[in-house]
Amino acid sequence: MVCPYCGKEMEKGIIHGDRYKLKWISDKKDKGPLLQMFTKGIDLDKDGSGIEAYYCEIDEIVLIKT
Ligand SMILES: [Zn+2]
């Protein structure tokens, strides 16, 4: 994966969602943490084995492939 900002190769890694499922929810749909479990979002950790993510040290961004 190449960083979209600086064009350098990003470092591959993993994000582990502890006890709770990690979900991306649009700002338009976000109704606070209590209602988040009922909000349809993008499930990041589909099989519970962690989320593949790429990190760029220069830009300090993390890219997650859903
Ligand atoms: Zn970068």
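Each remark here, short or long, concerns the structure printed above.
To start, this report covers the structure provided alongside it. Note that the coordinates shown come from a computational prediction; the quantities given were computed from them, not determined experimentally.

## What to know about the overall build of the protein
Across its full length, the protein holds zero helices and five strands. The order of helices and strands in the protein, counted from the N terminus, is β-β-β-β-β. Since a compact globule built from 66 residues should have a radius of gyration of about 11 Å, the 14 Å found for the protein marks it as more spread out than a globular shape. On the principal axes, the C-alpha backbone points of the protein span a range of 40 × 25 × 15 Å. Counting over 66 residues, the protein shows a buried share of 21%. Long-range pairs, those at least 24 residues apart, make up 48% of the contacts in the protein with a sequence separation of at least 6. Only carbon and sulfur atoms are counted for the fraction: they give 54% of the accessible area of the protein, which is about 5600 Å². Distance from the positive charge centre (11 side chains) to the negative charge centre (12 side chains) of the protein: 10 Å.

## Some points on the coordination of the zinc ion
Around the zinc ion, the protein contributes the donor atoms C3 (SG), C6 (SG), C56 (SG) and D59 (OD), which lie 1.7 to 2.3 Å from the metal centre. Relative to the metal, the four donor atoms surrounding the zinc ion lie at angles of 107 to 114 degrees, and the coordination shape comes out tetrahedral. Between the donor residues of the zinc ion, the gaps in sequence give the motif C-x2-C-x49-C-x2-D. Classification of C6 by relative accessible area gives partly exposed; the value is 31%.

## Overview of the nonpolar core
Counting residues in each nonpolar core, the largest one holds five residues, listed as C3, M10, Y54, C56 and I61. Every residue in contact with M10, bar those within four places of it in the chain, is listed here: M1, V2, C3, P4, Y54, Y55, C56, I61 and L63.

## A word on the sheet that holds strand β5 (residues 61–64)
Strand order in the open sheet made by the three strands is β1-β4-β5, with antiparallel pairing throughout. Each edge of the open sheet carries a strand with a single partner, namely β1 (11–15) and β5. Going from strand to strand, the sheet's axes swing by 40 degrees on average, the running direction of each strand aside. In this sheet, β5 lies alongside strand β4 (residues 51–56) in antiparallel orientation, the contact comprising four bridges. Of the residues in β5, the one forming a bridge with C56 is I61.

## A few points about a nonpolar patch on the surface
On the surface, a cluster of nonpolar side chains totalling about 240 Å² of accessible area is made up of Y55, V62 and I64. Structurally, the position occupied by V62 is in strand β5. With a relative accessible area of 46%, V62 lands in the partly exposed category.

Calculation criteria
Residues numbered from 1 in each chain as written. Predicted model: local features only at pLDDT ≥ 70, side-chain atom pairs only at ≥ 80, totals over all residues. Heavy atoms only, no water. Helix = DSSP H or I, 4+ residues; strand = E, 2+ residues; numbered from the N terminus. Rg over C-alpha atoms; globule rule 2.2 N^0.38 Å. Buried < 20%, exposed > 50% of the residue type's maximum accessible area, 1.4 Å probe, protein only. Contact = heavy atoms within 4.5 Å. Areas by Shrake-Rupley, 256 points an atom, 1.4 Å probe, with all protein chains shown as cover. Lys, Arg positive; Asp, Glu negative; His and termini not counted. Charge placed at Lys NZ, Arg CZ, Asp CG, Glu CD. Donors = N, O, S within 2.8 Å, 3.2 Å for Na, K, Ca; no water. Tetrahedral: all angles 85-135°; square planar, octahedral: opposite > 155°, others 65-115°. Core = buried A, V, L, I, M, F, W, Y, C linked by side-chain atoms within 4.5 Å. Pairing = 2+ DSSP bridges. Axes fitted to C-alpha atoms, helices over the stretch in contact; angles between N-to-C directions. Patch = residues over 30% accessible without salt bridge, like charges linked within 9 Å, V, L, I, M, F, W, Y side chains within 5 Å. Salt bridge = Lys/Arg side-chain N within 4 Å of Asp/Glu carboxyl O.

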